[in-house]
Amino acid sequence: MSSVLYRKYRSQNFDELIGQEQVTKILKNAVKANQLSHAYLFVGSRGTGKTSTARILAKAINCEKPLKDGNPCGKCSICKSITDGNFLDLIEIDAASNRGIDQIRELKEKIEFSPTKGNYKVYIVDEVHMLTTEAFNALLKTLEEPPEHVIFILATTEVHKLPPTILSRCQRYDFRLGTDDEIKEVIERSAKGEGVSIEEDAMKLLVSNARGSYRDALSLLDVVFSGASGKDKKITEEEVRSLLGLPDIEMVDQLLTGLVDNDPKKALKLIAYIEEKGVNLQQFAAYTLEILREALVAKIQNEELEYQFFEKVSQKDILRFVKAFLDIERSLKGSSNQSLIIEMIIPEFCTNQEDKEEEEEEEEEEDISDEYLSKEKRKKKNADVSISFNDIKKDWYKVANAIKPVHKHLYAFLGTSKPIKFEKGKLYIEVPFQFYKDQIDSSESKGAIDKVLKDIFYVSFDIICTVNEATKPRMRTDVNVVLKNIPSKKSKSFKNSKIPPEVEAIFEGM
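Okay, so let's go over this structure.

Time to look at the pairing of strand β3 (residues 121-126). The two faces of the sheet receive side chains in turn, since in a regular strand these alternate between them. Of all six residues in β3, five are buried, a share of seventy percent or more. Two elements, strand β2 (residues 90-94) and β3, share five bridges in a ladder whose sense is parallel. Directly across from Ile93, in β3, lies its bridge partner Val125. Summarising the sheet, β3 and strand β4 (residues 150-156) pair through five bridges and their orientation is parallel. If you follow Lys121 over to β4, its bridge partner there is Val150. The parallel pair β3 and β4 is bridged by helix α6 (residues 133-144), and the resulting crossover is right-handed.

Right, let's get into the packing of helix α9 (residues 200-210) against helix α10 (residues 214-227). It is the contact of α9 with α10, at a shortest axis distance of 8 Å, that shows an interaxial angle of 135 degrees. The angle between α9 and α10 falls in the class oblique. By crossing handedness, the relation of α9 to α10 is classed as right-handed. Where α9 approaches α10, its residues Leu206, Asn209 and Ala210 are matched on the opposing element by Asp216, Ala217, Leu220, Leu221 and Val224. In terms of residue class, the contact of α9 with α10 is made up of six nonpolar, one polar and one charged.

Our focus in this paragraph is the packing of aromatic side chains. Counted according to the given criterion, the structure contains ten aromatic pairs. Ring centres of Phe422 and Phe461 lie 5.4 Å apart, and the angle between their planes is 65 degrees; on these two criteria the pair is classed as edge-to-face. Of this pair, Phe422 sits in strand β8 (residues 418-423) while Phe461 sits in the loop between α22 (443-457) and β10 (462-467), and the two are 39 residues apart along the sequence. Residue classification places Phe461 among the buried positions, given a relative accessible area of 7%. What links up through ring pairs into an aromatic cluster is the set Tyr40, Phe42, Tyr173 and Phe175. Over the ring of Phe310 we find Lys299; its NZ or CZ atom is 4.4 Å from the centre of that ring. Its end group placed over the ring of Tyr428, Lys421 keeps NZ or CZ at 4.6 Å from the ring centre.

Now for the pattern of salt bridges. Per the stated rule, a full pass over the model turns up 21 salt bridges. For Glu92, the salt bridge is made with Arg55, and the minimal N-O distance between the two is 2.7 Å. Remark: Arg55 occurs in helix α3 (residues 50-62) and Glu92 occurs in strand β2; sequence separation between them is 37 residues. Relative accessible area serves as the criterion here: at 39%, Glu92 is assigned to the partly exposed category. Note on Arg55: relative accessible area 23%, which makes it partly exposed. Here Lys421 ties to Glu423 by a salt bridge, and the two come within 3.6 Å at their closest N and O atoms.

Cut-offs used in this document
- Residues numbered from 1 in each chain as written.
- Predicted model: local features only at pLDDT ≥ 70, side-chain atom pairs only at ≥ 80, totals over all residues.
- Heavy atoms only, no water.
- Buried < 20%, exposed > 50% of the residue type's maximum accessible area, 1.4 Å probe, protein only.
- Helix = DSSP H or I, 4+ residues; strand = E, 2+ residues; numbered from the N terminus.
- Pairing = 2+ DSSP bridges.
- Right-handed = clockwise from strand over helix to strand, strands pointing away.
- Axes fitted to C-alpha atoms, helices over the stretch in contact; angles between N-to-C directions.
- Parallel < 35°, antiparallel > 145°, perpendicular 65-115°, else oblique.
- Left-handed = near helix turned anticlockwise from the far one by under 90°.
- Contact = heavy atoms within 4.5 Å.
- Nonpolar A, V, L, I, M, F, W, Y, C, P; charged D, E, K, R; others polar.
- Phe/Tyr/Trp six-rings, centres within 6.5 Å; stacked < 30°, edge-to-face > 60°.
- Lys NZ or Arg CZ within 6 Å of the ring centre and 35° of its normal.
- Salt bridge = Lys/Arg side-chain N within 4 Å of Asp/Glu carboxyl O.

Laid out in structure tokens, this is it:
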């Protein structure tokens, strides 16, 4: 082959472009009606035909004998010159390597000269988003008022990086990725031109790995053609996998099965085998995700697959695998030890036998403990009448302590209360002040106390709060009076004052 396939089989007119009809239709009409813009912006993923379309447009507007439908003739000296890459009025600039203001200034100086042979001088600026801010500013004036004989075609894969001032001065055309059928058509056309046939399974691999890029499809095909044995001029699936370093379904199935079966040795050996075979580990992770997606869809639709791991996993298991391999795919990029990244998945899904036994023992102990506690709890719940006043009185301090984290004021009030009797499912408690009783009897406090009683005594009962009238308070119990007479925490008198802890807690919570 005299040249690489994507150049050899590059589209030479609008009709040969596959998958971009929404662009070519408008451009053909513009050429026919001679309604050309001074600046075009071609946007799309790499390998979708932006540069090829730019060259075809350059042909069409400079062609000596353009066709009535807007296509270039492809036969005149200008068309042939553009095809061969030696047309002086077509200038291609790679903005990635010519991104500075000096290059743009040089361009501005040259555009004033008239075309050498054609009707227009066409400037194709590829990856235009790579230009510096200064270069964009210098280009802006030229895009606003270019000479009549100049047309700019800007191409980019990252349109979001372009300044709005540039976008507003261009006619924008979006190029989409190819469908599987469109990619297949491009591959078949090139294979036919080379006199080579491709097995159906091999074709599926090439289409899948092209990922919608027409140029990538032909680049992959180029690699396969160069390395294939050439026997019968037929490309097999095995040759494609071997030459492109692609994993096969069996590799993925065996690894996932080893992980599901808790067989770390099998999984480790398989990863070593994959690496030994020269399989691209990033491709392996991506292919594994494709298999997992297929498995997840089958589980959701209640369908069956022939993979060994499939019957052994649930939807949740598949989701765990998906998450793990997404992390692997991200980590593999730029890693100097890719096999380690893959191997790290083993301890995540496989448990060492000793650890497994310990976990089972711990789970068994927990089950026994939970069962015992559950029985004890049920026993207490069913034995309300067996709760004695002494039991409540002995553990009453626990009630105030349990309230403290959620309600400091109530903790202080309950801390000064005292159980005095328990009869007919009612507990009578005594507090020193009416203010305390009012706070304990509020509906909010009742709810909090009831929850604590259930947690501590495994039963709820009514609280009847009374005030000990014999208490001789030194001051009025009105809260405002209390606050007024309590020294500030910052003062020395506060530190030396003998304030009960339960009262101090009230003010800490305010």
